[in-house]
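# An overview of the molecular structure
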Amino acid sequence: MASLAQNRAILDAFGDRVIKTAQANLRKKRQIRGRSVNRIDTGNLRDKLTYNYFKRGPKIIQWFGVPANDTATRNYADVIEKGRTPNKDPMTWPPVGPIMAWMERKGLFTKAAETEGGKSREAYAMAKSIGKRGIVGVYYMRDALQTELRKSGKEFREFYTREILKELRLKADKYIK
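Residues numbered from 1 in each chain as written. Predicted model: local features only at pLDDT ≥ 70, side-chain atom pairs only at ≥ 80, totals over all residues. Heavy atoms only, no water.

### A look at the overall build of the protein chain
- The helix and strand tally for the protein chain stands at seven helices and eight strands.
- Long-range pairs, those at least 24 residues apart, make up 64% of the contacts in the protein chain between residues at least 6 apart in sequence.
- Entry remark: accessible area of the protein chain is about 11000 Å², with carbon and sulfur atoms responsible for 54%. (Helix = DSSP H or I, 4+ residues; strand = E, 2+ residues; numbered from the N terminus. Contact = heavy atoms within 4.5 Å. Areas by Shrake-Rupley, 256 points an atom, 1.4 Å probe, with all protein chains shown as cover.)

Below, the structure written as structure tokens:
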């Protein structure tokens, strides 16, 4: 059985490394139609990434992600991590408001969309396209965790696998076993 007090420094160091790697993964540029594009819009997700661990019975549980009290960022983090599956149901499409704000910040509106109604129509078209086509996940946190586990020594990997990995949480309400 692992003692939380004995392993606090080890878990803190590992958690810090995983979060730094996840933030670096979010900063990586991606290729879209031959252009190198920055993934970060406002940096809100990158800045809110955190980790924690706690004892539940004889087990230590460690989680990585966004704090539970920030529902909007948590939902966004899930979509960025895992992607979004295509769906023809308009009720499942992403919300138009945040997409309109994102398009405004990126300057993606056409000249014809000078009116507020035109911007709304273009944002709706973008939401519809994302809803119907889906988006590919970035897996910034999964890759960070795997990278840092590979970099760690054999003793740490054995300890982590034996005591924590069996209950690791990437989101506060979902377990990976």
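### Topic: the packing of aromatic side chains
- Counted by the stated rule, this structure contains five aromatic pairs.
- Aromatic side chains Tyr51 and Tyr53 sit 6.5 Å apart centroid to centroid with 20 degrees between the ring planes, which places their arrangement in the stacked category.
- Judged by relative accessible area, Tyr51 falls into the buried class, the value being 16%.
- When its relative accessible area of 9% is taken as the criterion, Tyr53 is described as buried.
- Among the aromatic residues, those joined into a cluster by ring pairs are Phe14, Tyr51, Tyr53, Phe64 and Phe156.
- When the ring centre of Tyr139 is taken as origin, the NZ or CZ atom of Arg142, which lies over that ring, is 4.1 Å away. (Phe/Tyr/Trp six-rings, centres within 6.5 Å; stacked < 30°, edge-to-face > 60°. Buried < 20%, exposed > 50% of the residue type's maximum accessible area, 1.4 Å probe, protein only. Lys NZ or Arg CZ within 6 Å of the ring centre and 35° of its normal.)

### What to know about helix H4 (residues 96-106)
- Taken together, the buried positions of H4 are Ile99, Met100 and Met103. The buried residues of H4 occupy an angular sector of 100 degrees when the element is viewed end-on, so they sit on one face.
- Within two residues after H4, Gly107 carries a phi angle of roughly 70 degrees, on the positive side. (Arc of directions from axis to C-beta.)

### With respect to the pattern of salt bridges
- The full count for this structure, using the stated rule, is eight salt bridges.
- As a salt-bridge pair, Asp47 and Arg46 come within 3.1 Å of each other at their nearest N and O atoms.
- You can call Arg46 partly exposed: its relative accessible area is 22%.
- The closest approach of N and O atoms between Glu104 and Lys119, which form a salt bridge, is 3.1 Å. You can see Glu104 sitting in helix H4 and its partner Lys119 sitting in helix H5 (residues 116-133), a full 15 residues away along the chain.
- Using a relative accessible area of 44% as the deciding quantity, one classes Glu104 as partly exposed.
- Residues participating in the shared-partner salt-bridge network are Arg17, Glu148 and Lys151. (Salt bridge = Lys/Arg side-chain N within 4 Å of Asp/Glu carboxyl O.)

### Observations regarding the packing of helix H1 (residues 4-27) against helix H6 (residues 140-151)
- With their axes 8 Å apart at the nearest point, H1 and H6 run at an angle of 130 degrees to one another. Comparing the axis directions of H1 and H6 gives the class oblique. The two elements H1 and H6 meet at a crossing, and its hand is right-handed. Side by side, H1 and H6 meet where Phe14, Arg17, Val18, Ile19, Thr21, Ala22, Asn25 and Leu26 of the first sit next to Tyr140, Met141, Asp143, Ala144, Leu145, Thr147, Glu148 and Leu149 of the second.
- Class assignment for the residues of the contact of H1 with H6 results in 10 nonpolar, three polar and three charged. (Axes fitted to C-alpha atoms, helices over the stretch in contact; angles between N-to-C directions. Parallel < 35°, antiparallel > 145°, perpendicular 65-115°, else oblique. Left-handed = near helix turned anticlockwise from the far one by under 90°. Nonpolar A, V, L, I, M, F, W, Y, C, P; charged D, E, K, R; others polar.)

### What to know about unusual backbone geometry
- Not every positive phi belongs to a glycine, and Tyr139 is a case in point at roughly 55 degrees.
- Tracing the sequence through the fold places Tyr139 in the loop between strand S6 (135-136) and H6.
- Residue class for Tyr139 comes out partly exposed when judged on its relative accessible area of 29%.

### Some thoughts on the confidence of the model for the protein chain
- Averaged over every residue, the pLDDT of the protein chain is 83; residues scoring 70 or more account for 90%.
- Ranking the elements of the protein chain by mean pLDDT puts strand S8 (residues 174-175) last with 44 and helix H2 (residues 44-48) first with 92.
- Below a pLDDT of 50 lies the segment residues 171-177, which in the model reaches 18 contacts outside its immediate sequence neighbourhood of four places, other chains included. (pLDDT = per-residue confidence, 0-100.)

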